[in-house]
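Below are the chains, spelled out letter by letter.
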Amino acid sequence: MWMDVTTLEKDGPKAARRSTSDAKKCTGDASKVRRGGHRLVVQEGAEDPPAVGRKRTRKAAANFARDAASTGEHIASQSEPEGTPRRPRQQQRAVETRRAILGAALQEFAKKGFDAASIRDIADRLGIQHPLITYHYKTKDALWQAVAEQVVGEFREDFDAHTRSMVGMEPIDRVRELFRSMLNIEYKYPDLHRFMLNESRENGPRLRWIAANMLAPVVNTNLPDIRRAQATGDLPAGEPILLHFMLIGMTTVLFSAGAAIEAVTGLSVKSPGTKEAYFDLIEAVMFGRKFDANRSSRSANTSKRGSQPTDPSAA
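Cut-off values and rules
- Residues numbered from 1 in each chain as written.
- Predicted model: local features only at pLDDT ≥ 70, side-chain atom pairs only at ≥ 80, totals over all residues.
- Heavy atoms only, no water.
- Helix = DSSP H or I, 4+ residues; strand = E, 2+ residues; numbered from the N terminus.
- Contact = heavy atoms within 4.5 Å.
- pLDDT = per-residue confidence, 0-100.
- Axes fitted to C-alpha atoms, helices over the stretch in contact; angles between N-to-C directions.
- Parallel < 35°, antiparallel > 145°, perpendicular 65-115°, else oblique.
- Left-handed = near helix turned anticlockwise from the far one by under 90°.
- 1 Å grid on protein atoms, 1.4 Å probe; cavity = no way out; pocket = protein on both sides within 12 Å on 5 of 7 lines; lining within 4 Å.
- Points joined across faces, edges and corners; volume = space filled by probe spheres on them.
- Nonpolar A, V, L, I, M, F, W, Y, C, P; charged D, E, K, R; others polar.

### Topic: the environment of L215
So, step 1. Assignment of secondary structure puts L215 in helix α9 (residues 205–231).
So, step 2. In the structure, L215 is positioned 63 residues away from V152 in sequence and 9.7 Å away in space, judged by C-alpha atoms.
So, step 3. The residues contacting L215, other than those within four sequence positions of it, are M196 and I210.

Pasting the structure below:
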């Protein structure tokens, strides 16, 4: 899902262009050249180096001018007007840079939450300067939105593909397989649950965006099947939405309590076979027996009668 890159530009576009300009101006006659990172520093007024040293210095300056020019062209090309032709390699590097940034940002938001996370800490995860991140994503809000759209988009692709595979199944089988797919998604995207959990603590704009784009589609897909499975006695009676979120909790608890489980028992939720053994338990508890299908209707009727005013003319 997420890609790490081992080499990223150390400075932003201005630094790279400045490096190119400095390198082209350098003659090496009355200057000393020091190469540091992607920047070229020219020290005026330095003593002339010996003849052999001057040749090496000129060669170093020429080589660095070429490298810096290449870096400057790459970064400058990212700020060109839309529609300007760009070389495929430049485009690929820009894509890889953004993917690496989004991957590190997801980890940071999942670990600390939005308020405690910082762009500087995200940059430290990648070993880059933070202006490179703000060049692609101007604010932390914009970065969070990009992360959310990426992770929710990939979740929806997996979820929609699994939903299509369940066509023709009985309602109880569709519910079972939906939550099996949810557990698989938890394992595929281990930071997803913590990312969402941090946002679910407060009913703010970020949670409402997640609810509209991720939670609601799952609920709308699952509730009709839960109701049908309750009617046939394949699921326990009760409020369907509460049953839905109870099953969500069961499938996500491995990752919300994974550290505690390992601290107490030494069992890692990532150990081979743990996922399969855990879902076997969910099946035994929730999907392995029949329930009283009439209980929900009786409960509903009792609640309805209790809410009606008493008829004084009734015997």
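Don't stop here, the text continues.
### A few points about the confidence of the model for the protein chain
So, step 1. Averaged over every residue, the pLDDT of the protein chain is 74; the share at 70 or more is 64%.
So, step 2. Low pLDDT (under 50) marks residues 1–81, which in the prediction has 112 contacts with non-local residues, meaning those over four places away or in another chain.

### Things to note about the environment of Y137
So, step 1. Structurally, Y137 can be placed in the loop between α5 (130–136) and α6 (140–165).
So, step 2. C-alpha separation for the pair Y137 and R98, spaced 39 residues apart in sequence, amounts to 9.1 Å.
So, step 3. If near-sequence neighbours (up to four positions away) are discounted, Y137 is found in contact with R98, I101, L102, A142, L143 and A146.

### A look at the packing of helix α3 (residues 88–116) against helix α4 (residues 119–126)
So, step 1. Axis separation between α3 and α4 bottoms out at 9 Å; the angle between their running directions is 120°. It follows that α3 is oblique to α4 by the angle criterion. Note on packing geometry: the crossing formed by α3 with α4 is right-handed. Of α4, the residues touching α3 (which contributes A100, I101, A104, A105, Q107, E108, K111 and K112) are D121, I122, R125 and L126.

### Observations regarding the layout of surface pockets
So, step 1. What the largest pocket holds in volume is close to 400 Å³.
So, step 2. Around the largest pocket sit 18 residues that line it, and H193, M196, L215, I248 and T252 are the ones nearest its centre.
So, step 3. Among the secondary structure elements, those contributing two or more residues to the lining of the largest pocket are α7 (171–188), α8 (192–199), α9 and α10 (240–256).
So, step 4. Ranked by residue count, the leading element in the lining of the largest pocket is α10, at five residues.
So, step 5. Tallied by class, residues from the lining of the largest pocket come to twelve nonpolar, five polar and one charged.
So, step 6. Approximately 290 Å³ is the volume attributed to the second largest pocket.
So, step 7. In terms of lining, the second largest pocket is formed by 14 residues, of which the most central are P190, R194, F255, V269 and K270.
So, step 8. Counting residues per element, the ones that place at least two in the lining of the second largest pocket are α10 and α11 (258–265).
So, step 9. Of all the elements, α11 adds the most residues to the lining of the second largest pocket, at four residues.

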